[in-house]
Amino acid sequence: MPHIELPEPDVGVLRRRPILVEGLRSRVGADLLILDEDGRRAYETDAFTAYRRVPMIVVLPRTTEEVSKILKYCHENSVKVIPRGAGTSLSGGALPTEDAIVLCISKMNGVIEIDYANRFARVQAGMTNLEITARVAEKGFFYAPDPSSQLACTIAGNLGMNSGGAHCLKYGVTTHNVLGVKMVLIDGTVVDIGGPTLERNGYDLLSLVIGSEGQLGVITEATVKIVPSPEGARPMMIGFRSPEAAGSCVAAIIAAGIIPVAIEYMDRAAIEVCEAFAGAGYPLDVEALLIVEVEGSESEIGVLLGHIAEIAAKYDPKTVVISAGPEQSARIWAGRKAAFGAIGRISDYLCMDGTIPLAQLPHALTRISQICAEHDLKVANIFHAGDGNLHPLVLYDANKPGDADRAELAGEAILKLCVELGGCLTGEHGVGIEKRELMSSQFSPTDLAVQTRIKSVFDPTWRLNPAKVFPLAVTEQMRAGNPPSIPEVA
Amino acid sequence: MPVTELLRPAAEWELQTMIAKLASQKRPVEIVGYGALRNAGRVARSDVVLSTAGLKGVTLYEPTEIVMSARSGTPVYDIETTLAARGQMLAFEPIDLGPAIGAPGGALSIGGVFATNFSGARRVLAGSARDNLLGIRAVNGRGELFKSGGRVMKNVTGLDVARGMTGSWGTLAVMTEVTFKVAPLPQTMLTLAYTGLPDDLAMEALTAVMATPLEVSGAVHLPKNCAVRLNQPKLQGIDQSVTLLRLETFSTAIEERKEKLKAALKIYGTPIELDAEATWSLWSQFRSLSVMPFSTETSLWRISTLPTKAAEIVSAIQKFMDVTAFYDWAGALIWLEVPAAADAGAADVRRAVAVRGGHATLIRAQPEVRASVDVFEPLKPEIERLTRGIKSAFDPDGLLNRGRMYADL
C-alpha cells in the first residue's frame, strides 16, 4: 500500500557485505555487531511502521572512539550509515536501507557530568529523555522538553528531530535546552560543538545540527540545560460549544499577558476516544476542550487559574473545571497523553504533525474535516494551541483495500493546507521519509539549495541517513555531485 | 579602505539585485544597518557599503500569537514602541552597544540584533535573541534570496538555517526580514540590591538564586568600581559592590516571591529594595551598557563562561592589569574593561579564559588594535574547517563583510 519510494539498494555494496563485516569486526570487535537476520530485523523500521527495510549490518558502539572508527571505515568504503537512537521516529527518520549500516547509540547511555551550580548535565546521547530528569530530580531540577515518547526516546533522537512536547510554550523545544554536543563526522572526525557555556564561539553550528535528522553527523554526547522544577503546577479544563470559541479563548488568555505552561486542544472525536479509554473526566457534550496548565506556588496558581476562568467565561463555556488536586491533575493529563494509544485501540491512524497560526484554527479544522470526508475517512484533532502544532489523526482501516493509500493522500493534503495557512509541514516529528517529497511545497529550489549545501559541508558524499529530509531526486543529484539547478536571479 | 559607494536598497528585490550584481563582479561589500555596530568587531575590508536602513517596517504582528515580523532595517526602538502599545516586549532585551563603542544610542536595527545575538539581562529567564528567532528571509553572497523557519513557535521542517545565521555578523547572508517571538510586558517588577559582596560570594549567591524556581529575570553583579556608575539615587554613594536581582510577574504574586527570594539569600544580608519605576530605569542602563561608557583609554571585552568560573577569571586578569567588570546572566557573561594597550590585553585575557573554560570577544578597541589581534576567539582546527565550509556554502567568493569576524574569512 505505501507509496513513498525507497531507493534501490546498491548491489555492489551488498556483494561486499562479507568484507565489510570483517572490516568492522577487526576495528571494533565482533560483540558490537548484529549480523543474523532476526537480530537485524529488529532494526528494520521505527515508529513509522508502514515502511520496513532490513539493514545490512547493525553496530552498537559503546564509545565515541568506536563511533569514529565505524564512520571512518564506512566513509572509506562508501557505505551508507543510518544513525539510530531508540527508533521512536514517527516520520521514518531511522528507517534503514538494505545497503546501509545501522549505527545505534542506545548502549551509550551514561551520565558524564552533572553540574548543578552551572545548571547543565553532560550525558551520552543514548540516554533516554526521561532518564535525564530522573538523574537530577532529587536536587529539584528537570530536563524540560517532554515529547510523548520521553520514556523511550533518546536524547540523540531528540537532538536529531529538535523534539518538542506539551510544555514547550514556556520552556521551549530541544534547541532551547541544549548547550553543546560531541559529534562524529562521516569521516570519523570528532568535533565538540558549543557547550557548556550559554554563548557559543563563532558560527552557531549547533543550531544547524539540532533538527538535522542525522544528516550532518552522529551525536554521541550532549550537554543539556537543567531547569529548576516549579513549585507546583495545576491544569484546568474548559469545554466549548465551538472551535471558534476555544480559539478565541486561547487568544484572549495570551492577550491578557498570561503565558500558561501548556494549552492543549482536543476536538470532539478526540475527547470521546480519550475519555472512553482513560476515564479522565472529560466533558462529552462539548465540541472543543482546552486543558490549560499554569505553574507557580499554590497561591499563584489559584490566582492565575481564577483569572483564566474569568476570561473563559466570556466565551460561553459549557464546562470549567479547575483540578482539585494532584490526583485529578494526573487524570486530566493521563487522558491527553494516552490520546494516540487510545485512538490506536479503535482504529489504525496516521498521525499528522503540521503547524498553523492560531487564528487559522477554526478554518483549518473545517478544511481538515472536508479533506477527510472527501477521502471517505474520519479524523480526530489534537492541537498544542499555544504553539500552533496541530496533530490531525487520520483514521483508516488497514484491512480495507485502498484505505491506507487514501489516508496518506488525505494527510498530504492536510500538510499542504498547513503550509498554505502560514504554518509548516512538521512541528515536532521531523520530515524523515514521510514528508520528504512535500518539502518542495514549503521551500523554493533556492531554499532547499541553501540547506543541501550545508549538508554537503558535513557529509560531502551524502551517505549519512540517506533518502530522507530532502526530495529523493535532490538527494540523488547531490550524491552524483550534480546539484539541482535553481532559477536565475531576476 | 575608504568607502567609495554606499548602497541603500529600499526593497528586498532591490537588495537582492544589488548583491547579485556585486557577486557577478566579485566585489566585497560591507553590510550595515544604521552603523551602530561598525566600531565593534573587525573592520570589514571593502569599499562598498550596503545599508539595510531603507528596509523598514513591521510586516506582521499578531499579539495573541506572540509573534512579529519586521524588515531587517527596522529600528529596535520602533519595534519596542509598537510592542509596548499592545502591552508586549522583546523578552531578550537586545543590547544596544552604540554608546559603549562611540556610536549614537538608539541606532540599532533588528537585523543587527540577530546578526550579533547580543541579548540582555533577561536572557537568564527568556533565552537569547537566537532562542526567540523563528524565521528569516535573507540574501546570501551568491545573490540568492532564501527563507528559513516560519512564524509558528514549533517548526522542524528542514535544517534550522534561520537560527544558524545568528551571531554570524552578516558574513553569511544579509537578512531582509526577521520573524520572532514576543512576550507580554510584566505587570509589575522590583529589584533587590545586595551590597558589599565580594565577587566570588556574589557569584555564589547568584548561582543559588538560579537554582530556585522563583524565576528571577535579571541577576547581575557590579564590583565597586563599576557600581559607581549606577544611576539610581538609592544605590549611589554606598561605595561598595552591588548585586542586583530582578523579579517580574503579576502584582498578585510579586510580594510572595520577594519574601521567598529574601529568605533564600538571608545569609547575604538585607537587600535595598527598588520599586517598579526604579527597576525599569535601572535595568535600562544595562541595555545600553552605560555602566561601561565609551572611552578611548580602555578596551572592552565580552567573556562567556561558567558562573562558577567568572570571579576567578576576573581575578586572574586583574593580576596583570586594572579591570572594571560587570557580571551579567548570573555570572555566565562578563563585560570587562581593561586599559587600552597594543593588544587590548588579549594575551592575558585569553589565557585566563582558556584555562577556565569559555571564550572572549574584543568589543571595543582602537581600529588598528582590532585589525591586529583576533577579535573573536580563535577556532579549533576541526571547527574552523566546518566554519570555512559553511562560509563557502553561503558566500563562496567571501564577499559579505570580508574580514569582519576573522582576518582571512
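Please read these numbers as outputs of a predicted model, since none were measured by experiment. (Residues numbered from 1 in each chain as written. Chains lettered and ligands numbered in written order. Predicted model: local features only at pLDDT ≥ 70, side-chain atom pairs only at ≥ 80, totals over all residues.)

**Q** Help me out: how do you make sense of helix α15 (residues 361-374) of chain A in this one?
**A** Given 3.6 residues to a turn, an α-helix orients residues that are three or four positions apart in the same direction. Residue and element names in this part refer to chain A. Helix length check: α15 (14 residues) gives 20 Å between terminal C-alpha atoms against 20 Å at 1.5 Å per residue, within 8%. Considered for burial, the residues of α15 that qualify are Leu361, Ala364, Leu365, Ile368, Ile371 and Cys372. Within α15, the buried residues cover an arc of 125° as seen down the axis, which keeps them to one side. Facing away from the buried surface of α15 by more than 90 degrees, the exposed residues are Thr366, Gln370, Ala373 and Glu374. (Helix = DSSP H or I, 4+ residues; strand = E, 2+ residues; numbered from the N terminus. Expected span 1.5 Å × (residues − 1). Buried ≥ 20, exposed ≤ 12 C-beta atoms within 10 Å, placed from the backbone. Arc of directions from axis to C-beta.)

**Q** Quick question: what am I supposed to make of the pairing of strand β18 (residues 378-384) of chain A here?
**A** Regular strands have side chains that alternate between both faces of the sheet. Residue and element names in this part refer to chain A. The element β18 is extensively covered by neighbouring structure, given that six of its seven residues are classed as buried. Inspection of the sheet shows strand β13 (residues 262-267) paired to β18 by three bridges, in the antiparallel sense. Within the sheet, the bridge partner assigned to Met266 lies in β18 and is Ile382. Where β18 meets strand β19 (residues 389-396), seven bridges bridge the pair, whose relative direction is antiparallel. Bridge pairing in β19 places His384 opposite Asn389. Taking the residues between adjacent antiparallel strands as the criterion, β18 and β19 are bridged by four residues, where Gly388 takes a positive phi near 80°. (Pairing = 2+ DSSP bridges.)

**Q** Looking at this structure, how should I read the sheet that holds strand β8 (residues 145-149) of chain B?
**A** Strand pairing in a sheet relies on backbone hydrogen bonds, with the paired strands running either antiparallel or parallel. What the five strands build is an open sheet, ordered β4-β5-β9-β7-β8 (chain B); its pairing is antiparallel. At either end of the open sheet lies a strand with only one pairing partner, and these are β4 (58-62) and β8 of chain B. Direction aside, the axes of adjacent strands within the sheet are offset by 15° on average. Helix α18 (residues 445-458) of chain A rests against β7 (133-140) and β8 of chain B of the sheet, and its axis sits at about 70° to β8 of chain B. (Axes fitted to C-alpha atoms, helices over the stretch in contact; angles between N-to-C directions. Contact = placed C-beta atoms within 7 Å.)

**Q** Hey, could you run me through the domain arrangement of chain B in this one?
**A** In many analyses, interface size is given as the accessible surface area lost on bringing the parts together. Residue and element names in this part refer to chain B. When cut into domains, chain B gives domain 1 (1-185 + 378-409), domain 2 (188-287) and domain 3 (298-372). Distance from the C-alpha centre of domain 1 to the C-alpha centre of domain 3: 25 Å. Each residue belonging to the side of domain 1 that touches domain 3 can be placed in one class, and the counts come to seven nonpolar, one polar and two charged. (Domains from an automatic or database assignment. Nonpolar A, V, L, I, M, F, W, Y, C, P; charged D, E, K, R; others polar.)

**Q** Honestly, the nonpolar core in this entry has me stumped. Any pointers?
**A** One broad trend across soluble globular proteins is that nonpolar side chains are buried collectively. Grouped together as the largest cluster of nonpolar side chains are 291 residues, with contacts concentrated most on Leu103, Cys249, Leu290 and Val394 of chain A. Leu103 of chain A has contacts with Val59, Pro61, Val67, Ile70, Val81, Ile82, Pro83, Arg84 and Val218 of chain A, leaving out every residue within four places of it along the chain. (Core = buried A, V, L, I, M, F, W, Y, C linked by C-beta atoms within 7 Å.)

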